[in-house]
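The lines below spell out each chain.
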Amino acid sequence: RQVNFHLQLHDGLLRMDPLTFVLDTGRFSGRLAIDARKDVPETTIDMAIDHVDLAQFKSASAKQPPLDGSLLGRLDIHGFGTSVHKLASTADGTLSVALPEGQMNNALAELTGINVVRGLGLLLSEKEKDTQIRCGIVDFQAKKGMLDSKSVFIDTTNVLITGRGHIDLGDERLDLTLQGDPKKIRLLRLRSPITLHGTLLHPAVGVKPGQLLAQAGVAIALGTLLTPAAAALALIDPGLAKNKDCSAVMAEAHQDAADQAPPSGNAPVPVPTTSGGPGAPPGER
């Protein structure tokens, strides 16, 4: 829709700073440098991504998109090659995206491990409801074309979804796992992670009950992602740290981490007993 840039070319070194282009899918702005003075061109890209409407990404057969909201991001990579694919397959750097607010298809939230049976039922139903997204962050570290997850979580009103895995930009293949931790007790629950595999063009979603993940709990799961998530927010947009939803999630995670920290000092440690008192193991109370 729109392109703006300032181009400088000097002795085989091309710089586009600033560079902005607007597509139907979103707005990209930043800077680009291509050094063609070497046998293999060297490229550095630092771009911000915003106004990406997630509702546009859905299959033709879907009644509604799995995610809805405006995505923000930051791409900061450095690589070599004479094509986009070669650049991506050698890239070092970071890729971070954030979803400050939005909605998630209720079936997707359920399928992340909260209740596989109910999730499948929602997928087959005609009336699929949404659950509110409070804050979502996906942060990857790139090394030689391999994107490894540093922090992947989506905090909703009912479930905290965390993820891990990697994306091979050389082979363009996915190997990701999503796991949900409920924020309230569920009587019927199969803790099966969702797997995302296949290729970038043809991803496949699977549920593998045989590979159950240990439930860490919402507080512990979010606590382990707190530091990289906060760093990702600052990288994408320093203003996100003041976003009412994301800042609330960060504050809650800080408090949960403090509550679960081991006691300091020389305070006596309670000795478990078998009398069923307060110091007894949970199974004996």
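Now for a quick tour of the structure. Note that the coordinates shown come from a computational prediction; the quantities given were computed from them, not determined experimentally.

1. Focus: the packing of aromatic side chains
- Enumeration over the complete set of coordinates arrives at 1 aromatic pair.
- Each ring, one from Phe 21 and one from Phe 28, has its centre 5.2 Å from the other, and the planes form 15°; the classification is stacked.
- Overall, the relative accessible area of 25% leaves Phe 21 in the partly exposed class.

2. Details of a nonpolar patch on the surface
- On the surface, a nonpolar cluster with roughly 410 Å² of combined accessible area is contributed by Val 3, Phe 5, Leu 7 and Leu 9.
- Structurally, Leu 9 is set in strand 1 (residues 2-10).

3. Notes on the pattern of salt bridges
- As enumerated under the stated definition, the model contains 9 salt bridges in all.
- Asp 24 is paired through a salt bridge with Arg 1; the nearest N and O atoms lie 2.7 Å apart. Here Asp 24 is found in the loop between strand 2 (13-23) and strand 3 (26-35), whereas its partner Arg 1 is found in the segment before strand 1, with 23 residues between them in sequence.
- Judged by its relative accessible area of 60%, Asp 24 falls in the exposed class.
- Linked through salt bridges whose partners overlap, the residues forming this network are Asp 17, Arg 31, Asp 46 and Arg 74.

4. Describing the environment of Arg 164
- Looking at the secondary structure, you find Arg 164 in strand 10 (residues 159-168).
- Each C-alpha atom, one on Arg 164 and one on Leu 176, is 5.8 Å from the other, the two residues being 12 residues apart in sequence.

5. Some details on the environment of Arg 173
- Looking at where Arg 173 falls in the secondary structure, it is placed in strand 11 (residues 173-182).
- A relative accessible area of 44% places Arg 173 in the partly exposed class.
- Between the alpha carbons of Arg 173 and Leu 200 there is a distance of 6.0 Å; along the sequence they are 27 residues apart.
- Sequence-distant contacts of Arg 173, that is, excluding residues within four places in its chain, are made with His 166, Ile 167, Asp 168, Gly 198 and Thr 199.

6. Some thoughts on the pairing of strand 6 (residues 92-99)
- Burial analysis of strand 6 places 6 of its 8 residues in the buried class, the great majority of the element.
- Of the pairings in the sheet, the one linking strand 5 (residues 67-80) to strand 6 comprises 7 bridges and is antiparallel in character. Note on strand 6: the bridge partner recorded for Leu 75 is Leu 95.
- Direction of pairing for strand 6 relative to strand 8 (residues 130-143): antiparallel, over a ladder of 7 bridges. For Thr 94, the partnering residue across the bridge sits in strand 8 and is Gln 141.

Criteria and cut-off values
- Residues numbered from 1 in each chain as written.
- Predicted model: local features only at pLDDT ≥ 70, side-chain atom pairs only at ≥ 80, totals over all residues.
- Heavy atoms only, no water.
- Phe/Tyr/Trp six-rings, centres within 6.5 Å; stacked < 30°, edge-to-face > 60°.
- Buried < 20%, exposed > 50% of the residue type's maximum accessible area, 1.4 Å probe, protein only.
- Patch = residues over 30% accessible without salt bridge, like charges linked within 9 Å, V, L, I, M, F, W, Y side chains within 5 Å.
- Areas by Shrake-Rupley, 256 points an atom, 1.4 Å probe, with all protein chains shown as cover.
- Salt bridge = Lys/Arg side-chain N within 4 Å of Asp/Glu carboxyl O.
- Helix = DSSP H or I, 4+ residues; strand = E, 2+ residues; numbered from the N terminus.
- Contact = heavy atoms within 4.5 Å.
- Pairing = 2+ DSSP bridges.

Keep in mind these values describe shape, not function.
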